[in-house]
Amino acid sequence: MIKKQEKKYNSKEIYAILHPWVRRWFKSRFKDFTEAQRYAIKEIHNGKNVLISSPTGSGKTLTAFLSIISELTRLAEKGELEDKVYCIYVSPLKALDNDIEKNLDEPLKEIQKIAGKKLGIRKAVRTGDTTQSERSRMLRKPPHILITTPETLAIILVAPKFRKKLSHVKYVIVDEIHALADNKRGVHLSLSLERLQHIIGDFIRIGLSATVHPLERIAKFLVGYHEGKPRDCLIIDVDYRKKLDLELICPVDDIVAADPEEVNNAIYDILDELISEHKTTLIFTNTRSGTESVVYNLKSRFPDKYNDDNIMAHHSSLSRELRLEAEDKLKNGKLKAVVSSTSLELGIDIGYIDLVILLSSPKSVSRALQRIGRSGHRLHEKSKGRIIVTDRDDLVECAMILKDCLEGKIDEINIPENCLDVLAQHLYGMAIEHRWSLDYALEVVKRSYCYRNLSREDYMKVLKYLAGEYADLEERYVYAKIWLDHENGEFGRRGKLARMLYSTNIGTIPDRSSAVVKCKGKVVGRIDEEFLEKLRKGDTFVLGGKIYRFNYTRGMTVNVTPASGPPTIPSWFSEQLPLSFDLAVDIQRFRDALDAKFHYGRSKSEIIEFIVDYLHLDYNAAHAIYQYFREQYLYAKIPSKRRLLVEFYKGFGGRKFIVFHGLFGRRVNDALSRAIAYIIAKKYKRDVMISVTDNGFYLSSDGKMGGLESLQRLDPENLRRILTWAIDKTETLTGRFRHCAARSLMILRRYKGKEKSVGRQQVKSRILLNFVKELDENFPILKEARREVLEDYMDIKNAKKVLKWIKDGAMRIEKIDTRIPSPFAFNLVAQGYLDVLKYEERIEFIKRMHKAIIEQIKT
Amino acid sequence: MIGLFKITKNLEICDLALLIEDTMIIADLHLGYEQYLNREGFMLPSFQFRKIIDRIDKIKESSGAENIIINGDLKHEFGKVSYQENRELKKLLDYLEENFKKITLIKGNHDPIIPYLSQLKNFKIVDSMEFQNHLITHGHHIPEKIKTQTIIIGHEHPCIGLRSGERIEKIKCYIKGPFQGKKLVVMPSFNFVTEGSDILHEAIISPFLKESKLSKFRVYAVEDFKVFDFGTVEDITRIMGEQLVRGL
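A. Spatial organisation of the overall build of chain A. On a plain count of helices and strands, chain A comes out with 33 helices and 32 strands. In terms of C-alpha radius of gyration, chain A reaches 28 Å, essentially the compact-globule figure of 29 Å for 859 residues. Principal axes of the C-alpha set define a box for chain A whose edges measure 90 × 75 × 60 Å. Within chain A, buried positions represent 59% of all 859 residues. Residue pairs at least 24 apart in sequence account for 74% of intrachain contacts in chain A once pairs closer than 6 positions are excluded.

Below, the structure written as structure tokens:
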């Protein structure tokens, strides 16, 4: 059973179970136990699985390790400590692994000192960076505490000698589990844990998580299932709220009326002021380019205060050296400020931060908490966070985040399920271990939370794929990774290279590469190779908020010049974080409330009072929101939870636009927009352009698109079917398929000593996709690519929910025609990222292009 | 009935083949490309062989061709023969022998070694050939003395990338234009793995084209037996508001 831990143990009870030497060390180091420790330590000692969610600075890691260290000390004292691994610690980051290793140094040394004799408790990090000689040393003298990553753990499971050292594993700690659970790395880990369980039997599972919702789901993910029921787990949930010092800052008095330049100036003045008042400030922006721009602006605006020595950027596109330099300088207290996108969200050691600034909305409540939690690491200290808003939509969003943070409303986490590509990788790994009965292997797989509902049909399809049954009999031997004996119901490995092939191609993180963009010799940013493929000389595109003209590529450098006018090539890939659905719906509720106030003719002061009260805002900010909503109310209508506003207008040259004011977050809008575009494109036999944002989407076309009937044809039942057709006609599927093909080892990224560039992978994976589509519409890897697009990249589940609201009449569709876009539509049209739904048949397209070009030649 | 498209007095386009009377010319089949992909780590089984045979059948049927010339690059691997090539070459040659009176293979840069050839009766292999006042040669190098008025090459795999709004489609094409006072015709590739290389945007590889003014070449796009005369490269690029990457 999954249940919340109610019992809090007192110090005496906890000390009683600790080994005397460990007790002495703890007392010499800490005054007392933290709340999380009171809940957890004794339960871990009693052999219970626990999931610990508590704010930073609550000694979370020590909570997990204390019982374990005590147990190891006990064995060491009795001389019973064998050359085996007793505890596996897994985290998503190598950097975090290294930190943990260092942090264990002190207690182990001190306890040994107290003991007055050599205890010999060993710990070691093993990741992709570990050298061959370090690995052989580990084989001779295995660490008692093995610190690793999900990928390396999966490799260890098939390492013929080292896996034998795992026979004594009693504890597995999964740190930052929330950062793994919502993506395929977590899915991968969940299967590794079940495979480990199959090898060695039960062990104690300890999960450490940031504040996410619902914790029950994370707990099930951690402990897995046994005979169709979740294994037992205790949830330790320490309330973060009393440790939060959170405020929202609106940079100017009236953010609706202020021009962008004024807002920008004010933001930098505030940033400077806040940085000056604190020792070390961590600033989060939402994009890598935003990160660079903040560092650049602070340095150029305040040259006598900020320079390369005291302010740095930290994001995933920077080189490892630069990131390490930033981390080291932070630890040594040398930086006044560091600016990051997502890379510093996780718990790597960056020393003491006394203020976190969120520049613009972090798009979800849990992300806001996670980021703010990076400050105030000292025990019993509050985390201090300031959110600076950048425009009017941002103001509403940030205010709602603040409200939800304070009221403890956390958005829901999505854990991917039935990922067939990850399954393929693991089944291959399992085959390498030994031969399996089909029934038992399925049982092991279904113990993972992520596969508890896996159908036998899908399972068999993946096995058949691995057995090369998609190729002709005579050449099957090239493609078969396993043998599959249908008659006797068994499978096993095939080929001598299997283990090597598996170990070098393991993992779920796709290879990405990007090209540097240079303008007049200066680097202005990076673009994905996939995007680069589409650029033609003379194209203009947006990068970091500016428009550039593409000239040429040399190697992986792109040469551009500044340009103006609308971009000819939309940005197909958005780096922006998607707004969480729950938060979006909360904003819609607020819109409802305001709409009603306007409708019933409430006075200005009454409405402003309401906003101040509802969103915990100051009067200036509330006034700005009042103005923004009033304009929308007077000019058009306020879209809300009860009213889906659909706005029709004609753009330049008579191009038709339909704007859907659906504030559902981008993942839901991605799904809805493509489904509606498909219905229109099919009916009128033409391509439809799609642009999506968090606050809604629009469709546009040169020709007829009809009215509301396309939206009305959509319902919760037919959405998946229509979307599956729709994504086949957009660019989204191709890229995802490449990743899935690599995960399921249909594309071997490292093969026969060669590593492939991403660019080469793309052209060829397109060939592979075309082949697979012709072969079998339900080929497991194609099916998985579609699932990933629909469920992970988009959010079909909540899109269905929206359609249900519409069907049940809880949300009414209202149509309006406007001559220029309404205030709410404005941001939406300006900021969307685009895709096109290709419906026109290829031959029709060629005929049309031919006609157009020939006509032009004649004139 | 599928129509033929005349591009010179005695040269007609029939889908991916050129016709001179009752002889059909195809180029760049690249058999064994899948196994080459396998070596690169793309586990793709062979799938284009069947398509190639079907297409030859269909062209033969609609044109009534009796003889066939393969203008180079029958197979993909350089300097060796892969397992897949071996198997498919044998099948292809058997098929050709059964269905054509005369078979000529012109050597390309990808096929210095070709097995099974000695088994064939109505067969010859040459570096290039003169046929009805046409020089047919693969195109990876320029022969010394060219006596004919028209030259037919492959090697380039030409296609054009057309773009409308956000959509780009590549279409296989023939291009025809002046080369040293003669007429040069470049054929599209006879394989279904890719459309080829976009002559409007990508680098040219054939020495013939490097010595020519590409902008003056006329483009005939082909898609499923339909032929579209797109005018000259110059016209297309001007109209599509783009310029060639190479300064022409």
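B. Region of the structure containing the overall build of chain B. Across its full length, chain B holds 5 helices and 16 strands. Counting all 248 residues of chain B, 62% fall into the buried class. Long-range contacts, defined as pairs at least 24 residues apart, comprise 69% of the intrachain contacts of chain B with a sequence gap of at least 6. Carbon and sulfur atoms provide 48% of the accessible area of chain B, an area that totals close to 9,700 Å².

C. Representation of the sheet that holds strand E6 (residues 103-106) of chain B. Residues and elements named next belong to chain B. Spatially, E1-E2-E3-E4-E5-E6-E7 is the arrangement adopted by the 7 strands of the open sheet, whose pairing is mixed. A strand with exactly one partner marks an edge of an open sheet, and here the two such strands are strand E1 (5-8) and strand E7 (123-126). Averaged over all adjacent pairs, the angle separating strand axes in this sheet is 25°, with direction ignored. Sheet analysis places strand E5 (residues 67-71) next to E6, joined by 4 bridges and oriented parallel. Bridging across to E6, Ile70 finds its partner in Leu105. Helix H2 (residues 48-63) contacts strand E2 (11-14), strand E3 (17-20), strand E4 (23-26) and E5 of the sheet and is inclined by roughly 150° relative to E4.

D. A look at the nonpolar core. Residues and elements named next belong to chain A. Counting residues in each nonpolar core, the largest one holds 148 residues, and the members touching the most others are Ile88, Leu427, Tyr451, Tyr459, Phe491, Leu699 and Met746. When sequence neighbours within four positions are dropped, the list of residues in contact with Leu427 reads Val445, Tyr459, Val462, Leu463, Leu466 and Phe491. Grouped together as the second largest cluster of nonpolar side chains are 134 residues, Leu18, Val339, Ala368 and Ile625 included.

E. Molecular detail of the state of the cysteines. Summed over all chains, the structure comprises 0 disulfides over all chains. Free of any disulfide, A:Cys87 has its nearest neighbouring cysteine sulfur in A:Cys233, separated by 16 Å. Residue A:Cys87 is classed as buried on the basis of its relative accessible area, which comes to 0%. With no disulfide of its own, B:Cys173 lies closest to B:Cys159 among cysteine sulfurs, the gap being 6.5 Å.

F. Summary view of the interface of chain B and chain A. Counting residues at the interface gives 42 residues for chain B and 49 residues for chain A. Here chain B meets chain A over a buried area of about 4,500 Å², counting both sides, of which 62% is carbon and sulfur. The tally of links from chain B across to chain A stands at 6 salt bridges. For B:Arg87, the salt bridge goes to A:Glu475, with nearest N and O atoms at 3.4 Å. Seen at the junction of chain B and chain A, the total is 13 residue pairs in polar contact (both at pLDDT 80 or more). Put simply, the parts of the chain that give the side of chain B that touches chain A at least two residues each are helix H1 (33-39), helix H3 (83-99), strand E11 (158-164), strand E12 (167-179), strand E16 (226-232) and helix H5 (233-239) of chain B. For the side of chain B that touches chain A, the residue count by class is 18 nonpolar, 8 polar and 16 charged.

G. Here's a closer look at empty space enclosed by the protein. All names here are of chain A. Taken as a whole and judged by the stated rule, the model has 4 cavities of 30 Å³ or more. For the largest cavity, the calculated volume is near 70 Å³. Lining the largest cavity we find Asp393, Val396, Glu397, Ile587, Arg591, Tyr628, Phe629, Leu663, Asn695 and Phe824. Sorting the residues of the lining of the largest cavity by element identifies helix H15 (392-407), helix H22 (581-599) and helix H24 (619-635) as the ones contributing at least two each. It is H15 that provides the largest number of residues to the lining of the largest cavity, a total of 3 residues.

H. The pattern of salt bridges, seen in detail. All names here are of chain A. Inspection of the entire model under this criterion finds 76 salt bridges over all chains. Residues Lys170 and Glu71 are paired through a salt bridge, measuring 3.6 Å at the closest nitrogen-oxygen approach. In this pair, Lys170 sits in the loop between helix H7 (150-158) and strand E6 (171-174) while Glu71 sits in helix H4 (residues 60-77), placing the two residues 99 residues apart along the sequence. Here Arg435 and Glu490 are joined by a salt bridge, their closest N and O atoms 3.0 Å apart. Here Arg435, found in the loop between helix H16 (420-433) and strand E17 (436-437), pairs with Glu490, found in strand E19 (residues 490-493); they are 55 residues apart in sequence, far enough to count as distant. A residue is classified by how much of its surface remains accessible, and Arg435, at 53% relative accessible area, is exposed. Three or more residues are tied together by salt bridges with common partners; here these are Lys184, Asp421, Arg720, Arg736, Arg743, Glu784, Arg787, Glu788, Glu791 and Asp792.

I. Representation of the environment of A:Lys682 within the structure. Residue and element names in this part refer to chain A. Its place among the elements puts Lys682 in helix H25 (residues 666-684). A residue is classified by how much of its surface remains accessible, and Lys682, at 41% relative accessible area, is partly exposed. Between the C-alpha atoms of Lys682 and Pro562, which are 120 residues apart in sequence, the distance is 38 Å.

J. How the structure looks around H3(B). Residue and element names in this part refer to chain B. Counted at 1.5 Å a residue, the expected span for H3 with its 17 residues is 24 Å, and the 25 Å between its end C-alpha atoms agrees. By the burial criterion, the buried members of H3 are Gln84, Glu85, Arg87, Glu88, Leu89, Leu92, Leu93, Tyr95 and Leu96. Contact partners of the buried residues in H3: H1, H2, E5 and E6.

K. Highlighting the packing of aromatic side chains. Residues and elements named next belong to chain A. The tally for this structure, following the rule as stated, stands at 34 aromatic pairs over all chains. Considering the side-chain rings of Phe581 and Trp805, the 6.1 Å spacing of their centres and the 20° angle between planes classify their relative orientation as stacked. Placement of the pair is Phe581 in helix H22 and Trp805 in helix H31 (residues 796-808), with a sequence separation of 224 residues. Side by side, Phe581 and Trp805 carry an identical accessibility label, which is buried.

L. Inspection of the packing of H15(A) against H24(A) at higher detail. All names here are of chain A. Interhelical geometry of H15 versus H24 gives an angle of 120° and a closest axis separation of 10 Å. Viewed along their axes, H15 and H24 adopt a mutual orientation that is oblique. Crossing angle aside, the handedness with which H15 passes H24 is left-handed. Residue-level contacts link Arg392, Asp393, Leu395 and Val396 of H15 to Ala621, Ala624, Ile625, Tyr628, Phe629 and Glu631 of H24. Here the contact of H15 with H24 is composed, by residue class, of 7 nonpolar, no polar and 3 charged.

M. Region of the structure containing the sheet that holds strand E13 (residues 311-314) of chain A. Residue and element names in this part refer to chain A. Taken in spatial order, the 6 strands make up an open sheet running E11-E16-E15-E12-E14-E13, and their pairing is parallel. Strand pairing shows two members of the sheet lacking a second neighbour, strand E11 (244-249) and E13, which therefore form its edges. Across the sheet, the axes of successive neighbouring strands diverge by a mean angle of 20°, strand direction being ignored. The pairing of E13 with strand E14 (residues 337-340) spans 4 bridges and is classified as parallel. Note that in E14 the partner of Met312 across the bridge is Val338. Taken strand by strand, helix H12 (residues 288-301) contacts strand E12 (281-284), E13, E14 and strand E15 (355-359), and its axis lies near 170° from that of E13. Against the sheet, helix H14 (residues 365-372) contacts E11, E12, E15 and strand E16 (383-388), and its axis sits at roughly 145° relative to E15.

N. Summary view of the side chain of A:Ser383. Residue and element names in this part refer to chain A. For Ser383, the position within the fold is in strand E16. Ser383 gets classed as buried once you look at its relative accessible area, which sits at 6%. Only 3.1 Å separates the side chain of Ser383 from the backbone oxygen of Ser375, close enough to count as a polar contact.

O. Structural view of H22(A). Spanning 19 residues, H22(A) covers 26 Å between terminal C-alpha atoms, matching the ideal 27 Å at 1.5 Å per step. Looking at the residues trailing H22(A), positive phi occurs at A:Gly601, about 65°.

P. Representation of unusual backbone geometry within the structure. Along the chain, A:His213 connects to A:Pro214 via a cis peptide bond; the corresponding omega equals -10°. By the secondary structure assignment, A:Pro214 is in the loop between strand E7 (204-209) and helix H10 (215-223). Here the phi dihedral of A:Lys685 falls at roughly 50°; this positive angle occurs in a residue that is not glycine. Along the chain, the position of A:Lys685 falls in the loop between H25 and strand E27 (688-693). Its identity is not glycine, yet B:Asp73 carries a phi of approximately 55°, on the positive side. By secondary structure assignment, the location of B:Asp73 is in the loop between E5 and H3. Owing to a relative accessible area of 2%, B:Asp73 belongs among the buried residues under this scheme.

Q. Representation of the environment of A:Asp202 within the structure. All names here are of chain A. Inspection of the secondary structure puts Asp202 in the loop between helix H9 (184-200) and E7. According to the relative accessible area criterion, Asp202 is exposed, its value standing at 64%. For Asp202, the side chain forms a polar contact with the side chain of Gln197, separated by 2.3 Å.

Definitions and limits used
- Per-chain numbering applies: the sequence of each chain, read as written, is numbered from 1 onward.
- To read the labels, note that chains go from A and ligands from 1, taken in the order they are written.
- Residue-level local features of this predicted model are given only where pLDDT is at least 70; pairs of side-chain atoms are given and counted only at 80 or more, and the full residue set underlies all totals for whole chains, interfaces and linings.
- In computing side-chain values, all of the structure's heavy atoms are included and hydrogens and water are not.
- Secondary structure elements follow DSSP: runs of H or I no shorter than four residues count as helices, runs of E no shorter than two count as strands, and numbering proceeds from the N terminus.
- Radius of gyration here is computed from C-alpha atoms only, and the compact-globule reference equals 2.2 Å multiplied by the residue count raised to the power 0.38.
- Summary of the burial criterion: residues with accessible area below 20% of their type's maximum are buried, those above 50% are exposed, and those between are partly exposed, where the area comes from a 1.4 Å probe applied to protein chains only.
- We call two residues in contact when some of their heavy atoms are within 4.5 Å.
- Here the open area of atoms and residues is found with the Shrake-Rupley method and a 1.4 Å probe, where only the protein chains shown may cover a residue.
- One bridge is not enough; two strands pair if DSSP finds at least two bridges between them.
- Note on geometry: axes are C-alpha line fits, over the in-contact stretch for helices, and angles between N-to-C directions span 0 to 180 degrees.
- The criterion is simple. A nonpolar core is a set of buried Ala, Val, Leu, Ile, Met, Phe, Trp, Tyr and Cys residues joined through side-chain atoms within 4.5 Å.
- By convention in this document, the label disulfide applies to cysteine sulfur atom pairs within 2.5 Å.
- Each of two parts loses accessible area, computed with a 1.4 Å probe, when they are put together; buried area is these two losses added.
- Salt bridge, as used here, is a side-chain nitrogen of Lys or Arg placed within 4 Å of a carboxyl oxygen of Asp or Glu.
- In the analysis that follows, any N or O atom pair within 3.5 Å is treated as a polar contact, provided that within protein one partner can donate a hydrogen and the other can accept it, and provided that, for residues neighboring in sequence, both atoms belong to side chains.
- Classification used: nonpolar for Ala, Val, Leu, Ile, Met, Phe, Trp, Tyr, Cys and Pro, charged for Asp, Glu, Lys and Arg, polar for all others including Gly.
- For each structure, a 1 Å grid was placed over the protein atoms alone; sets of points admitting a 1.4 Å probe that cannot get out are labelled cavities, open sets with protein on both sides within 12 Å along at least five of seven lines are labelled pockets, and lining residues have an atom within 4 Å of a point.
- Grid points are joined across faces, edges and corners, and a volume is the space filled by probe spheres set on the points.
- Here the expected length of a helix is defined as 1.5 Å per residue gap, with one fewer gap than residues.
- By convention, a stacked pair of Phe, Tyr or Trp rings (six-membered ring in the case of Trp) has centres within 6.5 Å and planes under 30 degrees apart, an edge-to-face pair has planes over 60 apart, and any other such pair is tilted.
- Oblique is the label for every angle not falling under 35 degrees (roughly parallel), over 145 degrees (roughly antiparallel), or within 65 to 115 degrees (roughly perpendicular).
- Left-handed is the label given to a crossing in which the near helix is rotated counterclockwise from the far helix by less than a right angle, and right-handed is the label when the rotation is clockwise.

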